[in-house]
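Residue-level structure breakdown
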Amino acid sequence: MKKRDIILLVGAAIIIGVLWMAPEESTKRVPKDEIHSRFYDIVKNDGKKAAEKFCEDCHNPNDVPLPADHPAKFRCLFCHKVIE
Ligand code: HEC
Ligand code: HEC
């Protein structure tokens, strides 16, 4: 392999790595507290879609509102990770 090819490969790996990390680094996880820990079980047993049905019971404008600049709010768990 030529030296130039190696540099290209390393560069590509870094770019992919940065893109891969970015959402997880920047978006808050679903906290594993007494409120949210049951969703960890629902995700594990029935998947993300089943768990997301409950989010808006509380995260709605009257109870625990999302920040005013919150992005599109469908599929909560695509952005807010549930990680042990
Ligand atoms: C029973 C009410 C309730 C439900 C249901 C609920 N939440 Fe929450 N959530 C809260 C409250 C209260 C807070 C603020 C206090 C806290 O962090 O626990 C909060 C905070 C958060 C935060 C911010 C944590 C932080 O670090 O500031 C995220 C993200 C979140 N919830 C995501 C979700 C998602 C995703 C779901 C659905 C899977 C969900 N919540 C379901 C009540 C709820
Ligand atoms: C497209 C990605 C995306 C989706 C989908 C999404 N969020 Fe968010 N959410 C964000 C970002 C980005 C922020 C602000 C920065 C942060 O929390 O790290 C945020 C912030 C929040 C916060 C406030 C956290 C704090 O700072 O206290 C809560 C609560 C929350 N989201 C809940 C939800 C719920 C519930 C849903 C589904 C109804 C949802 N989010 C869907 C990206 C997303």
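Since this is a predicted model, take the numbers as computed values, not measurements.

Some thoughts on the overall build of the chain
In terms of helices and strands, the chain carries five helices and zero strands. N-terminal to C-terminal, the α/β element order of the chain is α-α-α-α-α. Relative to its 84 residues, the chain shows a buried fraction of 14%. Residue pairs at least 24 apart in sequence account for 55% of intrachain contacts in the chain once pairs closer than 6 positions are excluded.

Details of the site of ligand 2
Around ligand 2, the surrounding shell holds 17 residues, and the nearest of these are Lys-28, His-70, Cys-76, Cys-79 and His-80. Lys-28 places a polar side-chain atom, nitrogen or oxygen, 2.9 Å from an oxygen atom of ligand 2. In the model, a nitrogen atom of ligand 2 is placed 2.8 Å from a nitrogen or oxygen of the His-80 side chain. More than half of the atoms belonging to ligand 2 lie within 2 Å of the grid points that define the largest pocket. Secondary-structure elements contributing two or more residues to the shell around ligand 2 are helix H4 (55–58) and helix H5 (76–79). Of the residues that constitute the shell around ligand 2, the class distribution is eight nonpolar, five polar and four charged.

Re the coordination of the iron atom of ligand 1
Surrounding the iron atom of ligand 1 are the protein donor atoms His-36 (NE2) and His-59 (NE2), which sit 1.9 to 2.0 Å from the metal. What the six donor atoms of the iron atom of ligand 1 show is an angle range of 87 to 180 degrees at the metal, which sorts the shape as octahedral. Here the residue His-36 occupies a position in the loop between helix H1 (3–26) and helix H2 (37–46), and His-59 occupies one in the loop between H4 and H5, the gap between them amounting to 23 residues. Relative accessible area serves as the criterion here: at 29%, His-59 is assigned to the partly exposed category.

Topic: the coordination of the iron atom of ligand 2
At 1.9 Å from the iron atom of ligand 2 lie its protein donor atoms, namely His-70 (NE2) and His-80 (NE2). Around the iron atom of ligand 2, the six donor atoms are arranged such that angles at the metal cover 89 to 178 degrees; this shape is classified as octahedral. Placement of His-70 in the loop between H4 and H5 and of His-80 in the segment after H5 is noted, with a sequence separation of 10 residues between them. The class of His-70 is partly exposed, set by a relative accessible area of 27%. For His-80, a relative accessible area of 24% translates into the label partly exposed.

Conventions used here
- Once a new chain begins, its residue numbering starts again from 1 and follows that chain's sequence as written.
- All chains are assigned letters beginning at A, and all ligands numbers beginning at 1, according to the order in which they are written.
- Per-residue local features of the predicted model are confined to residues with pLDDT of at least 70, and side-chain atom pairs are confined, for both listing and counting, to 80 or more; whole-chain, interface and lining totals are unaffected and use all residues.
- Excluding hydrogens and water, the side-chain values take into account all heavy atoms of the structure.
- The helix and strand labels rest on DSSP assignments: H or I over at least four residues marks a helix, E over at least two residues marks a strand, and numbering proceeds from the N terminus.
- Only protein chains enter the accessibility calculation, which uses a 1.4 Å probe. A residue is then buried if its area is under 20% of the maximum for its type, exposed if over 50%, and partly exposed in between.
- Throughout, a residue-residue contact means that at least one pair of heavy atoms, one from each residue, lies within 4.5 Å.
- For each residue, the test is whether any non-hydrogen atom lies within 4 Å of the molecule or strand; if one does, the residue is near.
- Residues adjacent in sequence count toward polar contacts only when both atoms are side-chain atoms; beyond that, a polar contact is any pair of N or O atoms within 3.5 Å, and within protein one must be able to donate a hydrogen and the other to accept it.
- Two kinds of site are reported from a 1 Å grid over the protein atoms alone, namely cavities, where a 1.4 Å probe fits but cannot get out, and pockets, open sets with protein on both sides within 12 Å along at least five of seven lines, and residues are called lining when an atom falls within 4 Å of a point.
- What decides whether a molecule sits in a cavity or pocket is whether more than half of its atoms lie within 2 Å of the grid points.
- When residues are sorted by character, Ala, Val, Leu, Ile, Met, Phe, Trp, Tyr, Cys and Pro go into the nonpolar class, Asp, Glu, Lys and Arg into the charged class, and all the rest, Gly among them, into the polar class.
- Metal coordination here is assigned from N, O and S atoms located within 2.8 Å of the ion, or within 3.2 Å for Na, K and Ca; omission of water means that sites may look incomplete.
- Under this scheme a four-donor centre is tetrahedral when all angles range from 85 to 135 degrees, a four-donor centre is square planar and a six-donor centre octahedral when opposite donors are above 155 degrees with the rest from 65 to 115, and any other centre is irregular.

From the geometry alone we can't say anything about function, so treat these as descriptive.
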